[in-house]
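Each chain is listed here by its residues.
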Amino acid sequence: MSSSANPRKRIAVLISGRGSNMAALLRNDCGGDVVVVGSNKADAGGLDVARDAGLATFAVGHKDFASREAFDAALVERLNEYRPDVVVLAGFMRILTPVFVNAFAGRLINIHPSLLPAFPGLDTHQRALADGVKLHGCTVHFVTPELDRGPIIAQAAVQVDDDDTADTLAAKVLVQEHQVLPFAVRLFCEGRLSVEGLRVRTGPARGG
Ligand code: NHR
Ligand code: GAR
(Lines give C-alpha, C1' and ligand atoms only; values in the text may rest on other atoms or scores of the structure.)
(Ligands and ions follow the chains in the order given, each with its own letter.)
Protein backbone atom coordinates (compact mmCIF):
# COMPACT_ATOMS: atom_id res chain seq x y z
CA MET A 1 0.00 0.00 0.00
CA SER A 2 1.40 3.41 -0.85
CA SER A 3 2.06 5.79 1.98
CA SER A 4 -0.07 8.52 0.39
CA ALA A 5 -3.10 6.22 0.43
CA ASN A 6 -2.61 5.52 4.11
CA PRO A 7 -0.76 8.45 5.70
CA ARG A 8 0.30 8.39 9.32
CA LYS A 9 -2.36 9.69 11.64
CA ARG A 10 -2.07 13.12 13.19
CA ILE A 11 -2.41 12.85 16.97
CA ALA A 12 -3.31 15.79 19.24
CA VAL A 13 -2.85 15.35 23.00
CA LEU A 14 -4.53 17.34 25.78
CA ILE A 15 -3.00 17.41 29.27
CA SER A 16 -3.42 19.28 32.54
CA GLY A 17 -0.36 18.21 34.51
CA ARG A 18 3.00 16.51 34.35
CA GLY A 19 2.25 14.72 31.09
CA SER A 20 3.79 11.32 31.74
CA ASN A 21 1.13 9.62 29.60
CA MET A 22 1.82 12.10 26.81
CA ALA A 23 5.53 11.24 27.12
CA ALA A 24 4.61 7.55 26.82
CA LEU A 25 2.89 8.37 23.52
CA LEU A 26 6.09 10.04 22.30
CA ARG A 27 8.32 7.13 23.42
CA ASN A 28 6.25 4.39 21.79
CA ASP A 29 5.13 3.87 18.23
CA CYS A 30 1.46 4.81 18.27
CA GLY A 31 0.98 4.36 14.55
CA GLY A 32 0.88 8.13 14.15
CA ASP A 33 2.64 11.38 14.97
CA VAL A 34 1.89 13.67 17.88
CA VAL A 35 1.46 17.02 16.12
CA VAL A 36 0.45 19.21 19.06
CA VAL A 37 0.08 19.14 22.85
CA GLY A 38 -2.49 21.45 24.40
CA SER A 39 -3.50 22.23 27.96
CA ASN A 40 -6.05 24.17 29.97
CA LYS A 41 -3.14 25.18 32.22
CA ALA A 42 -0.27 27.30 30.92
CA ASP A 43 1.97 25.98 33.71
CA ALA A 44 1.35 22.27 33.07
CA GLY A 45 4.72 20.53 33.39
CA GLY A 46 3.96 18.36 30.39
CA LEU A 47 4.02 21.42 28.10
CA ASP A 48 7.73 21.86 28.87
CA VAL A 49 8.35 18.19 28.10
CA ALA A 50 6.54 18.60 24.78
CA ARG A 51 8.43 21.78 23.88
CA ASP A 52 11.74 20.08 24.72
CA ALA A 53 10.71 17.32 22.31
CA GLY A 54 10.25 19.99 19.63
CA LEU A 55 6.47 19.80 19.51
CA ALA A 56 3.96 22.57 19.00
CA THR A 57 2.09 23.42 22.20
CA PHE A 58 -0.72 25.72 23.27
CA ALA A 59 -2.62 26.62 26.40
CA VAL A 60 -6.24 27.77 26.57
CA GLY A 61 -7.04 28.88 30.12
CA HIS A 62 -10.47 27.69 31.14
CA LYS A 63 -10.74 30.58 33.59
CA ASP A 64 -10.69 33.05 30.70
CA PHE A 65 -14.11 31.91 29.48
CA ALA A 66 -17.58 32.67 30.79
CA SER A 67 -18.95 29.18 30.18
CA ARG A 68 -17.76 25.61 29.64
CA GLU A 69 -19.18 25.75 26.12
CA ALA A 70 -17.17 28.88 25.25
CA PHE A 71 -13.97 27.25 26.57
CA ASP A 72 -14.71 24.08 24.60
CA ALA A 73 -15.34 26.05 21.39
CA ALA A 74 -12.00 27.83 21.78
CA LEU A 75 -10.25 24.50 22.39
CA VAL A 76 -11.83 22.98 19.26
CA GLU A 77 -10.65 25.97 17.24
CA ARG A 78 -7.05 25.72 18.46
CA LEU A 79 -6.93 21.97 17.88
CA ASN A 80 -8.36 22.21 14.39
CA GLU A 81 -5.41 24.38 13.32
CA TYR A 82 -3.40 21.14 13.50
CA ARG A 83 -5.96 18.98 11.62
CA PRO A 84 -5.85 16.08 14.10
CA ASP A 85 -7.16 12.64 13.11
CA VAL A 86 -7.44 11.73 16.79
CA VAL A 87 -7.49 13.69 20.04
CA VAL A 88 -6.15 11.98 23.17
CA LEU A 89 -7.02 13.15 26.69
CA ALA A 90 -3.94 12.19 28.73
CA GLY A 91 -4.57 13.48 32.25
CA PHE A 92 -6.85 16.24 31.02
CA MET A 93 -8.89 17.48 33.98
CA ARG A 94 -11.81 19.47 32.53
CA ILE A 95 -15.16 17.85 31.85
CA LEU A 96 -16.03 18.48 28.20
CA THR A 97 -19.45 19.53 26.90
CA PRO A 98 -21.06 18.22 23.71
CA VAL A 99 -19.60 21.27 21.92
CA PHE A 100 -16.21 19.58 22.17
CA VAL A 101 -17.20 15.91 22.23
CA ASN A 102 -19.32 16.18 19.08
CA ALA A 103 -16.55 18.02 17.19
CA PHE A 104 -14.30 14.96 17.59
CA ALA A 105 -16.89 12.20 17.88
CA GLY A 106 -15.43 8.76 17.23
CA ARG A 107 -11.87 10.06 17.38
CA LEU A 108 -11.64 11.26 20.97
CA ILE A 109 -9.87 8.94 23.45
CA ASN A 110 -9.30 9.19 27.23
CA ILE A 111 -7.13 7.32 29.72
CA HIS A 112 -8.87 6.94 33.05
CA PRO A 113 -7.25 5.62 36.23
CA SER A 114 -9.76 2.90 37.19
CA LEU A 115 -11.31 -0.24 35.77
CA LEU A 116 -14.43 1.40 34.36
CA PRO A 117 -17.38 1.29 34.83
CA ALA A 118 -16.12 1.21 38.44
CA PHE A 119 -15.00 4.56 39.85
CA PRO A 120 -15.76 7.13 37.16
CA GLY A 121 -14.75 10.72 37.99
CA LEU A 122 -12.07 11.86 40.42
CA ASP A 123 -10.05 10.37 43.35
CA THR A 124 -10.26 6.88 41.88
CA HIS A 125 -7.40 5.33 43.88
CA GLN A 126 -8.72 6.56 47.21
CA ARG A 127 -12.19 5.29 46.35
CA ALA A 128 -10.89 1.89 45.21
CA LEU A 129 -9.12 1.46 48.56
CA ALA A 130 -12.20 2.60 50.49
CA ASP A 131 -14.35 0.04 48.64
CA GLY A 132 -11.82 -2.72 49.32
CA VAL A 133 -11.44 -3.94 45.74
CA LYS A 134 -8.61 -6.41 45.14
CA LEU A 135 -8.16 -5.49 41.48
CA HIS A 136 -7.80 -1.93 40.24
CA GLY A 137 -6.34 -0.48 37.07
CA CYS A 138 -6.87 1.81 34.13
CA THR A 139 -9.13 2.11 31.11
CA VAL A 140 -8.72 3.66 27.68
CA HIS A 141 -12.10 4.56 26.21
CA PHE A 142 -13.76 6.65 23.55
CA VAL A 143 -15.14 9.84 25.04
CA THR A 144 -18.87 10.46 24.86
CA PRO A 145 -20.85 13.27 26.50
CA GLU A 146 -21.52 11.04 29.53
CA LEU A 147 -18.43 11.19 31.74
CA ASP A 148 -16.26 8.04 31.68
CA ARG A 149 -19.01 5.96 30.05
CA GLY A 150 -17.79 5.71 26.46
CA PRO A 151 -16.91 2.43 24.67
CA ILE A 152 -13.88 0.72 26.26
CA ILE A 153 -10.88 0.09 24.00
CA ALA A 154 -8.41 -1.49 26.44
CA GLN A 155 -7.86 -2.04 30.16
CA ALA A 156 -5.02 -3.16 32.41
CA ALA A 157 -5.33 -4.40 35.99
CA VAL A 158 -3.09 -4.33 39.05
CA GLN A 159 -3.47 -6.12 42.38
CA VAL A 160 -4.31 -4.11 45.45
CA ASP A 161 -1.95 -5.16 48.25
CA ASP A 162 -2.56 -4.93 51.98
CA ASP A 163 -0.10 -2.10 52.44
CA ASP A 164 -1.13 -0.03 49.42
CA THR A 165 -1.95 3.64 49.89
CA ALA A 166 -3.58 5.87 47.29
CA ASP A 167 -0.08 6.99 46.28
CA THR A 168 1.44 3.52 45.88
CA LEU A 169 -1.65 2.34 44.03
CA ALA A 170 -1.52 5.36 41.71
CA ALA A 171 2.13 4.60 40.96
CA LYS A 172 1.37 0.97 40.09
CA VAL A 173 -1.57 1.95 37.89
CA LEU A 174 0.51 4.63 36.16
CA VAL A 175 3.02 2.01 34.98
CA GLN A 176 0.12 0.21 33.31
CA GLU A 177 -1.28 3.44 31.85
CA HIS A 178 2.00 4.05 30.06
CA GLN A 179 1.64 0.66 28.35
CA VAL A 180 -2.05 0.58 27.56
CA LEU A 181 -2.47 4.12 26.22
CA PRO A 182 0.07 3.81 23.38
CA PHE A 183 -1.32 0.33 22.64
CA ALA A 184 -4.89 1.63 22.33
CA VAL A 185 -3.91 4.68 20.27
CA ARG A 186 -2.01 2.41 17.93
CA LEU A 187 -5.07 0.19 17.44
CA PHE A 188 -7.05 3.30 16.54
CA CYS A 189 -4.40 4.63 14.17
CA GLU A 190 -4.21 1.28 12.43
CA GLY A 191 -7.94 1.46 11.77
CA ARG A 192 -8.58 -1.72 13.71
CA LEU A 193 -11.34 -0.61 16.07
CA SER A 194 -15.03 -1.04 15.38
CA VAL A 195 -17.66 0.16 17.81
CA GLU A 196 -21.09 -1.36 18.36
CA GLY A 197 -22.95 0.13 21.27
CA LEU A 198 -20.53 0.07 24.22
CA ARG A 199 -18.51 -2.77 22.71
CA VAL A 200 -15.26 -2.16 20.85
CA ARG A 201 -13.89 -4.96 18.72
CA THR A 202 -10.27 -5.16 17.59
CA GLY A 203 -9.97 -6.61 14.13
CA PRO A 204 -6.80 -7.88 12.48
CA ALA A 205 -4.11 -5.45 11.36
CA ARG A 206 -4.73 -4.39 7.76
CA GLY A 207 -2.11 -5.08 5.18
CA GLY A 208 -0.17 -7.31 7.58
N1 NHR B 1 -15.67 14.78 29.12
C2 NHR B 1 -16.68 14.00 28.71
N3 NHR B 1 -17.74 14.60 28.16
N4 NHR B 1 -16.65 12.66 28.83
C5 NHR B 1 -15.59 12.07 29.39
O6 NHR B 1 -15.58 10.74 29.48
C7 NHR B 1 -14.49 12.85 29.86
C8 NHR B 1 -14.59 14.22 29.70
C9 NHR B 1 -13.55 15.07 30.14
C10 NHR B 1 -12.45 14.54 30.78
C11 NHR B 1 -11.20 12.68 31.75
C12 NHR B 1 -11.60 12.39 33.17
C13 NHR B 1 -11.38 11.05 33.67
O14 NHR B 1 -10.68 10.24 33.07
C15 NHR B 1 -12.37 13.17 30.97
C16 NHR B 1 -13.36 12.31 30.50
C17 NHR B 1 -12.04 15.68 34.87
C18 NHR B 1 -13.09 15.44 35.74
C19 NHR B 1 -13.60 16.55 36.62
O20 NHR B 1 -14.45 16.34 37.46
C21 NHR B 1 -13.66 14.20 35.77
C22 NHR B 1 -13.19 13.21 34.92
C23 NHR B 1 -12.12 13.45 34.05
C24 NHR B 1 -11.57 14.69 34.04
N25 NHR B 1 -13.10 17.81 36.43
C26 NHR B 1 -13.48 19.00 37.16
C27 NHR B 1 -14.39 19.88 36.28
O28 NHR B 1 -15.12 20.67 36.91
C29 NHR B 1 -12.27 19.83 37.52
C30 NHR B 1 -11.31 19.09 38.38
C31 NHR B 1 -9.95 19.74 38.47
O32 NHR B 1 -9.66 20.76 37.81
O33 NHR B 1 -9.10 19.19 39.20
O34 NHR B 1 -14.32 19.85 35.05
O35 NHR B 1 -11.92 10.73 34.77
C1 GAR C 1 -3.08 9.83 35.05
O2 GAR C 1 -3.07 8.90 36.11
C3 GAR C 1 -4.42 9.84 34.35
O4 GAR C 1 -4.99 8.56 34.25
C5 GAR C 1 -5.20 10.68 35.28
O6 GAR C 1 -4.35 11.72 35.66
C7 GAR C 1 -3.00 11.25 35.62
C8 GAR C 1 -2.22 12.16 34.72
O9 GAR C 1 -0.86 11.86 34.78
N10 GAR C 1 -6.38 11.20 34.64
C11 GAR C 1 -7.41 11.58 35.33
O12 GAR C 1 -7.46 11.49 36.54
C13 GAR C 1 -8.53 12.16 34.53
N14 GAR C 1 -9.58 12.54 35.41
P15 GAR C 1 0.12 12.39 33.66
O16 GAR C 1 -0.12 13.89 33.51
O17 GAR C 1 1.48 12.11 34.19
O18 GAR C 1 -0.18 11.65 32.40
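None of the values given here were measured: they were computed from a predicted structure.

Calculation notes
Residues numbered from 1 in each chain as written. Chains lettered and ligands numbered in written order. Predicted model: local features only at pLDDT ≥ 70, side-chain atom pairs only at ≥ 80, totals over all residues. Heavy atoms only, no water. Near = heavy atom within 4 Å. Polar contact = N/O pair within 3.5 Å; in protein donor to acceptor, adjacent residues only side chain to side chain. Areas by Shrake-Rupley, 256 points an atom, 1.4 Å probe, with all protein chains shown as cover. Nonpolar A, V, L, I, M, F, W, Y, C, P; charged D, E, K, R; others polar. Helix = DSSP H or I, 4+ residues; strand = E, 2+ residues; numbered from the N terminus. Buried < 20%, exposed > 50% of the residue type's maximum accessible area, 1.4 Å probe, protein only. Pairing = 2+ DSSP bridges. Right-handed = clockwise from strand over helix to strand, strands pointing away. Arc of directions from axis to C-beta. Salt bridge = Lys/Arg side-chain N within 4 Å of Asp/Glu carboxyl O.

Asker: Can you walk me through the site of ligand 1 in this structure?
Answerer: Around ligand 1, a shell composed of 20 residues is seen, among which R68, L96, N110, H112 and D148 lie nearest. With respect to ligand 1, the side chain of R68 contributes an N or O atom lying 2.7 Å from an oxygen atom. I95 is positioned with one of its backbone polar atoms (N or O) 2.9 Å from an oxygen atom of ligand 1. Calculation on ligand 1 without its partners gives an accessible area of 720 Å², and the protein chains cover 84% of this total. Here the residues of the shell around ligand 1 are counted per class, giving 11 nonpolar, 5 polar and 4 charged.

Asker: Help me understand the site of ligand 2, please; the structure alone is not making it clear to me.
Answerer: Taken together, R18, G19, S20, N21, G91, M93, I111, P113, L174 and E177 make up the full set of residues adjacent to ligand 2. Taking G19, its main chain carries an N or O atom lying 2.8 Å from an oxygen atom of ligand 2. Taken by itself ligand 2 offers 450 Å² of open surface, and the protein chains cover 85% of this. Elements with a minimum of two residues in the shell around ligand 2: α1 (20-27) and α6 (166-189). Its residues assigned to classes, the shell around ligand 2 comprises 4 nonpolar, 4 polar and 2 charged.

Asker: When you look at the pairing of strand β2 (residues 32-39) in this model, what are you seeing that I'm missing?
Answerer: Strand residues, when the strand is regular, have side chains that alternate between the two faces of the sheet. Judged by how many residues are buried, β2 sits mostly within the fold: 7 of 8 residues are covered. With 7 bridges joining them, strand β1 (residues 9-15) and β2 adopt parallel strand pairing. Note that in β2 the partner of L14 across the bridge is G38. The pairing of β2 with strand β3 (residues 56-59) spans 4 bridges and is classified as parallel. Bridged to S39 within β3 is A59. Of the crossover connections in this fold, the one passing from β2 over helix α2 (residues 45-52) to the parallel β3 is right-handed.

Asker: How should I be thinking about α2 in this particular structure?
Answerer: Because an α-helix completes one turn every 3.6 residues, residues spaced three or four positions apart along the sequence face the same direction. Taken residue by residue, α2 has G46, L47 and A50 as its buried positions. Down the axis, α2 shows its buried residues gathered within 105° of arc, on one side only.

Asker: Teacher, can you tell me more about the pattern of salt bridges here?
Answerer: It is possible for side chains of opposite charge to pair when their charged atoms get near one another. Taken as a whole, this structure holds 10 salt bridges when the rule is applied. For D29, the salt bridge is made with R8, and the minimal N-O distance between the two is 3.7 Å. Separated by 21 residues along the polypeptide, D29 in the loop between α1 and β2 and R8 in the segment before β1 bring together distant segments of the chain. The residue D48 makes a salt bridge to R51 at a minimum N-O spacing of 2.7 Å. With D48 and R51 both in helix α2, this residue pair falls 3 residues apart, about one helical turn. According to the relative accessible area criterion, D48 is partly exposed, its value standing at 42%. The exposure class of R51 is partly exposed, given its relative accessible area of 42%. Look at the salt bridges and you will find they share partners, linking R8, D29, D33, R186, E190 and R192 into a network.

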